[in-house]
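Tertiary structure, described
Here is what each chain is made of, one letter per residue.
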Amino acid sequence: MTINFDELIDRRNTRSYKWDQSEKLFGSADILPLWVADMDFPSPSAVQEVLKKRADISAYGYAVRGDSYFESIVNWYSRRHNWKIEQHWITDSPSVVTSLSLAVELFTEPGGQVVLQSPVYYPFYDVIESNDRVLAKNPLVIRNGRYEMDLDHLESLFKDGAKLLLLCSPHNPGGRVWDREELLQLGELCLRYGVIVVSDEIHCDLVFPGHVHTPFATLSPEIADITITTLAATKTFNLPGLQTSFMITSNNKMRAKLEKRLRTLSIHMAHHFAQDAVEAAFNEGEQWLEELLTYVHGNLTYTLDFFQEHLPQIEPLKPDGTYLLWFDCRALGLDKRGLQELMFKKAKVAFSEGSVFGSEGEGWLRINLACPRFILEKALTQFADAVKRR
Ligand SMILES: Cc1ncc(COP(=O)(O)O)c(C=O)c1O
């Protein structure tokens, strides 16, 4: 290891969404935050350096995107995911959630049904509901200790008229890296019913050994033609505060609509800092990512062992990827308020509450494992002690 992931960056009093909101959100400033999905690790040094250089320019005027930025994206997905992206398929967007919302707005009608597979990252619900569309839920099923898609139920939603699916791949919060075969079955079903797929692949680089992420759009040219893939370097390299992402859309008509809407809302301009950070991360961050994955996997193993030894009643779903661990606390017999009290008042930790990912998540919690091991140990110990003291 050349990077010291054991060291904690003091993020308190930095306007951190994660570290500076404990009092406001959970009732006490001393609550350890292991919830929202950013990392307590420094971004790759190449990113830090390029950002300092941009800061040194001292005039922060309007910026453009250079060819080298787009090339860094094309090269990354070719190298890491064997995906041959053409530069003109790439459309920048301020955030992945912006892209999801635009796709719902542009490719469905008000009152139309949009499918998500629950439990899932909570903004998936927001982009459907705030656009006045109707939520069509296809709950995931747990088989052999992992989530699987219920394709029969999904087909019934398509028969009922749903024309757009929000896919989370890899899956947050369940940590599934979907197999090629199951994605292919999904793709064939979508083709049969004329359903557009918005495939959120923001976690695609965070995959553990033994698993391979398959970009949905690589399954076939026909499937690519119905797919908008939403991506970012922000999750992989800890840059989410830079607010930058992109979509890959090989279908010219769909891409033109997305680009027109981005211009209409005037959210298409480049950012003074973001594109350089992304380019540096993709071009020079690979070694950092490999070390990060090793460290996070170590945190995962530590946590699974900890649960087995100290909290055997809790059932984690072992993730194939992401830095998130989703675990079933229903055996504790606590309702939503009981779990909140256990975490925030007794254990002084904040994991994500499962219920925000949909009703299927009630009684579950999600830990963010992207923190130094000693923070994780402290949070787990405080949580286990609180469970035992009940
Ligand atoms: C599945 C998924 N999509 C999107 C995002 C957020 O992306 P952005 O900040 O670009 O909207 C997250 C962050 O946790 C996520 O887990």
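Residues numbered from 1 in each chain as written. Predicted model: local features only at pLDDT ≥ 70, side-chain atom pairs only at ≥ 80, totals over all residues. Heavy atoms only, no water.

1. Notes on the site of the ligand
Heads up, the rule is: Residues are counted as near a molecule or strand when any one of their heavy atoms sits within 4 Å of it. Counting of polar contacts relies on pairs of N or O atoms within 3.5 Å, with two restrictions inside protein: one atom must be capable of donating a hydrogen and the other of accepting it, and residues adjacent in sequence are counted only when both atoms are side-chain atoms. Here the open area of atoms and residues is found with the Shrake-Rupley method and a 1.4 Å probe, where only the protein chains shown may cover a residue. Only Asp, Glu, Lys and Arg are considered charged in this grouping, and only Ala, Val, Leu, Ile, Met, Phe, Trp, Tyr, Cys and Pro are considered nonpolar; every other residue, Gly among them, is considered polar.
The full set of residues close to the ligand is Ala37, Ser95, Val96, Val97, Tyr121, Cys168, Asn172, Asp200, Ile202, His203 and Lys235. Contact distances for the ligand include 3.4 Å between an oxygen atom and a side-chain N or O atom of Ser95. Protein contacts shield 90% of the accessible area of the ligand, which totals 400 Å² for the unbound molecule. For the shell around the ligand, the class distribution of residues is six nonpolar, three polar and two charged.

2. Some details on the environment of Pro170
Threshold: The helix and strand labels rest on DSSP assignments: H or I over at least four residues marks a helix, E over at least two residues marks a strand, and numbering proceeds from the N terminus. Throughout this description, buried means an accessible area under 20% of the type-specific maximum (1.4 Å probe, protein chains only), exposed means over 50%, and partly exposed covers the range between. Residue contacts follow a heavy-atom distance rule, with two residues in contact if any of their heavy atoms lie within 4.5 Å.
You can see Pro170 is positioned in the loop between β7 (164-168) and α7 (180-193). Pro170 gets classed as buried once you look at its relative accessible area, which sits at 0%. Those residues in contact with Pro170 that lie beyond four places of it in its chain are Arg176, Val177, Asp200, His203, Cys204, Val207, His213 and Thr322.

3. Section: the pattern of salt bridges
Test applied: Salt bridge, as applied in this entry: a Lys or Arg side-chain nitrogen positioned within 4 Å of an Asp or Glu carboxyl oxygen.
Per the counting criterion, the structure on display carries 20 salt bridges. Residues joined in a network through salt bridges with shared partners are Arg143, Arg146, Glu148, Arg176, Asp179, Glu182 and Asp320.

4. Regarding the domain arrangement of the protein chain
Applicable threshold: Here the limits of each domain have been adopted from an automatic or database domain assignment. Accessible-area loss on putting two parts together, using a 1.4 Å probe and summing over both, is the definition of buried area adopted here.
Under the domain assignment used here, the protein chain contains domain 1 (22-44 + 286-389) and domain 2 (59-284). On the side of domain 2, 37 residues touch domain 1, which itself brings 32 residues to the contact. Taking both sides of the interface into account, the surface hidden between domain 1 and domain 2 amounts to around 3000 Å²; carbon and sulfur atoms contribute 59%. Put simply, domain 1 and domain 2 have five salt bridges between them.

5. Some words on the environment of Tyr69
Residue placement: Tyr69 occurs in helix α3 (residues 67-81). Taking the relative accessible area as the measure of exposure, Tyr69 reaches 1% and is therefore buried. Considering only alpha carbons, one finds Tyr69 and Asn283, 214 residues apart in sequence, at a separation of 9.6 Å.

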